[in-house]
Amino acid sequence: MKPPPKDVSLSPEQAESYISDLHQSTLDPSVATAIAKIIRSYMWLIWSLQETKLSLKRFRQMVF
């Protein structure tokens, strides 16, 4: 398995566009649904990490 690229950036609009394209493609519907779930999970993970980072920054400001 190859290592992932170092920089992966995807806006929420791009993600939804890709998901829409997936469902219109000739891929098996179950495959398209699985890939869509992966993309949405990626977007949730990025959002969650950003929120955590912001929360930690706010916490540090409150404490120090």
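Everything here concerns the structure above.
Notes on the structure follow. (Residues numbered from 1 in each chain as written. Predicted model: local features only at pLDDT ≥ 70, side-chain atom pairs only at ≥ 80, totals over all residues. Heavy atoms only, no water.)

### Observations concerning the nonpolar core
As a reminder of what qualifies: Among buried residues, those of type Ala, Val, Leu, Ile, Met, Phe, Trp, Tyr and Cys that are joined through side-chain atoms within 4.5 Å constitute a nonpolar core. Whether a residue is buried, partly exposed or exposed follows from its accessible area with a 1.4 Å probe, protein chains only, as a fraction of its type maximum: under 20%, in between, or over 50%, in that order. Helix and strand assignments come from DSSP, with helices taken as H or I runs of at least 4 residues and strands as E runs of at least 2, each series counted from the N terminus.
In this structure, Ala 15, Ile 19, Leu 22, Ala 32, Ala 36, Ile 39 and Met 43 together form the largest nonpolar core, which totals seven residues. Counting residues per element, the ones that place at least two in this core are α1 (12–24) and α2 (29–63). It is α2 that provides the largest number of residues to this core, a total of four residues.

### A closer look at α1
Side chains of residues three or four places apart in an α-helix project in the same direction, reflecting 3.6 residues per turn. Selection criterion: Expected helix span is given by 1.5 Å per residue-to-residue step, counting one fewer step than there are residues. Each direction from the helix axis to a C-beta atom contributes to the arc, which is the arc of those directions. Note on contacts: a residue pair is in contact if any heavy atoms of the two residues lie within 4.5 Å.
Compared with the 18 Å implied by 1.5 Å per residue over 13 residues, the 19 Å span of α1 between its first and last C-alpha is a close match. Every buried residue belonging to α1 is among Ala 15, Ile 19 and Leu 22, and all of these are buried. For α1, the angular spread of buried residues about the axis comes to 55°, placing them on one side. Among the exposed residues of α1, those pointing more than 90 degrees away from its buried face are Glu 13 and Gln 24. Buried residues in α1 make contact with α2.

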